Amino acid sequence: MEITILQPRFKDSSHFKDFWIKGNGKELIDFSGAQPNFKDFEKFAPYYYHADEIGDEVVKDVYLTKKFNEASREIEGYIRNGVSENNDVPESVKKLFLQTQKIPDWLDYDLVKSGAELCMRSNLDSLISLRDYCLMGGYDYAYLNKPLIATEALKKVP
């Protein structure tokens, strides 16, 4: 399988090494004191190549067929109103929303409420940390840019 061939190349790539030796990864290690290792790298590396195929189909069917604002309003309507098997919407939208609308048996609403309350207590420093270290660090990975480009979010000015 091709993925097996690509995995060692990814691990040994200069971009990957630089991230951990002198990039955001190094800063994260220095800050957290974490000791990353490659013990399970081969086990988890295939997940690097996984994509959200259902989400990609929704983007193709909705965002790439309309203007961004129109597509966003459409998706927001699905989020607010839900989607049923009988709705006249693209099949990809049905597949995504019917899957995400199903509430798992293990969901603990009290835990969700506690998490939401904790997030609401965070201050500006927390938001800056999220933006500067987590979100911006993510730009080091080209595959994360795909949804940002498709949604035109990279063109927005803060």
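Everything numeric here is computed off the predicted structure, so don't read it as measured data.

1. Structural notes on the packing of aromatic side chains
Next, step 1: Summed over all chains, the structure comprises two aromatic pairs.
Next, step 2: Residues Tyr 63 and Phe 68 carry aromatic rings whose centres are separated by 5.7 Å and whose planes lie at 35 degrees to one another, so their mutual orientation is tilted. In this pair, the class of Tyr 63 matches that of Phe 68, namely buried.
Next, step 3: On the numbers, 5.8 Å between centres and 65 degrees between planes, the contact of Tyr 78 with Phe 97 is edge-to-face. In this pair, Tyr 78 is assigned in helix 6 (residues 68–81) and Phe 97 in helix 7 (residues 91–101), connecting sequence segments 19 residues apart. Side by side, Tyr 78 and Phe 97 carry an identical accessibility label, which is buried.

2. A closer look at the pattern of salt bridges
Next, step 1: Enumeration over the complete set of coordinates arrives at seven salt bridges.
Next, step 2: Two residues, Glu 117 and Lys 113, come together in a salt bridge whose shortest N-O distance is 3.0 Å. Of the two residues, Glu 117 and Lys 113 are both situated in helix 8 (residues 109–121); the distance of four residues between them amounts to about one turn of the helix.
Next, step 3: Assessed through its relative accessible area of 52%, Lys 113 is described here as exposed.

3. A word on the packing of helix 5 (residues 53–63) against helix 7
Pairs of packed helices are described in terms of their axes, by the angle between the two and the distance that separates them.
Next, step 1: Between helix 5 and helix 7, whose axes approach to 8 Å, the crossing angle comes to 135 degrees. When the axes of helix 5 and helix 7 are compared, the pair comes out oblique. Two packed elements cross with a definite hand, and for helix 5 against helix 7 that hand is left-handed. On helix 7, the residues that touch Ile 54, Glu 57, Val 58, Asp 61 and Val 62 of helix 5 are Ser 92, Val 93, Lys 95, Leu 96 and Gln 99.
Next, step 2: Across the contact of helix 5 with helix 7, the residue classes break down as five nonpolar, two polar and three charged.

4. A look at helix 8
Next, step 1: The end-to-end C-alpha separation of helix 8 is 18 Å, in line with the 18 Å expected for 13 residues at 1.5 Å each.
Next, step 2: With zero of its 13 residues buried, helix 8 lies for the most part at the surface.
Next, step 3: One side-chain oxygen at the N-terminal end of helix 8 lies 3.0 Å from the backbone nitrogen of Asp 110; it belongs to Asp 108.

5. Description of the nonpolar core
Next, step 1: Val 58, Val 62, Tyr 63, Phe 68, Ala 71, Ile 75, Tyr 78, Val 83, Val 89, Val 93, Leu 96 and Phe 97 form the largest nonpolar core, which has 12 residues in total.
Next, step 2: If sequence neighbours within four positions are ignored, Tyr 63 has contacts with Val 58, Phe 68, Ala 71, Ser 72 and Ile 75.

6. Digging into the confidence of the model for the chain
Do not read the predicted coordinates in detail wherever pLDDT is low.
Next, step 1: Taken as a whole, the chain shows an average pLDDT of 79; of its residues, 75% reach a score of 70 or greater.
Next, step 2: In this model, residues 1–7 is a region of pLDDT below 50 whose contacts with residues beyond four sequence positions or in other chains number eight contacts.

7. Points about the side chain of Lys 94
Next, step 1: Relative to the helices and strands, Lys 94 resides in helix 7.
Next, step 2: We classify Lys 94 as buried; its relative accessible area is 10%.
Next, step 3: Within the structure, Lys 94 has its side chain in polar contact with the backbone oxygen of Glu 85 (distance 3.0 Å).

8. Considering the packing of helix 6 against helix 7
Next, step 1: Remark: helix 6 packs on helix 7, axes separated minimally by 11 Å, with the N-to-C direction vectors making an angle of 35 degrees. The element helix 6 and its partner helix 7 pack so that their crossing is right-handed. Of helix 7, the residues touching helix 6 (which contributes Ile 75, Tyr 78 and Ile 79) are Val 93, Phe 97 and Gln 101.

Thresholds, definitions, all that
- Each residue is numbered by its place in its chain's sequence as written, counting from 1.
- Whole-chain, interface and lining totals are the exception, using all residues; otherwise, since this is a predicted model, local features are given only for residues with pLDDT of at least 70 and side-chain atom pairs are given and counted only at 80 or more.
- In computing side-chain values, all of the structure's heavy atoms are included and hydrogens and water are not.
- Here a pair means two rings of Phe, Tyr or Trp (six-membered ring of Trp) with centres within 6.5 Å. Their orientation is stacked below 30 degrees between planes, edge-to-face above 60, and tilted elsewhere.
- With a 1.4 Å probe rolled over the protein chains alone, any residue whose accessible area is under 20% of its type maximum counts as buried; one over 50% counts as exposed, and the rest are partly exposed.
- Under the scheme used here, helices are H or I runs from DSSP no shorter than 4 residues and strands are E runs no shorter than 2 residues, and both carry numbers assigned from the N terminus.
- We define a salt bridge as a side-chain nitrogen of Lys or Arg found within 4 Å of a carboxyl oxygen belonging to Asp or Glu.
- Geometry is summarised by axes, namely lines fitted to C-alpha atoms with helices restricted to the contacting stretch, and by angles between N-to-C directions that run from 0 to 180 degrees.
- Should an angle fall under 35 degrees it is taken as roughly parallel, and over 145 as roughly antiparallel, whereas 65 to 115 is taken as roughly perpendicular and any remaining angle as oblique.
- Here is the rule for handedness: rotate from the far helix to the near one, and if that takes an anticlockwise turn smaller than a right angle the crossing is left-handed, while a clockwise turn gives right-handed.
- By the convention used here, residues are in contact when the closest approach between their heavy atoms is within 4.5 Å.
- Note on residue classes: Ala, Val, Leu, Ile, Met, Phe, Trp, Tyr, Cys and Pro are nonpolar, Asp, Glu, Lys and Arg are charged, and everything else, Gly too, is polar.
- The span you would expect from a helix comes to 1.5 Å times its residue count less one.
- Identification of polar contacts relies on pairs of N or O atoms within 3.5 Å, with a donor-acceptor requirement for protein atoms, meaning one able to donate a hydrogen and the other able to accept it, and with residues adjacent in sequence counted only if both atoms are side-chain atoms.
- The nonpolar core is taken to be a set of buried Ala, Val, Leu, Ile, Met, Phe, Trp, Tyr and Cys residues, with the residues joined through side-chain atoms within 4.5 Å.
- Confidence of the predictor in every single residue is expressed as pLDDT, which spans 0 to 100.

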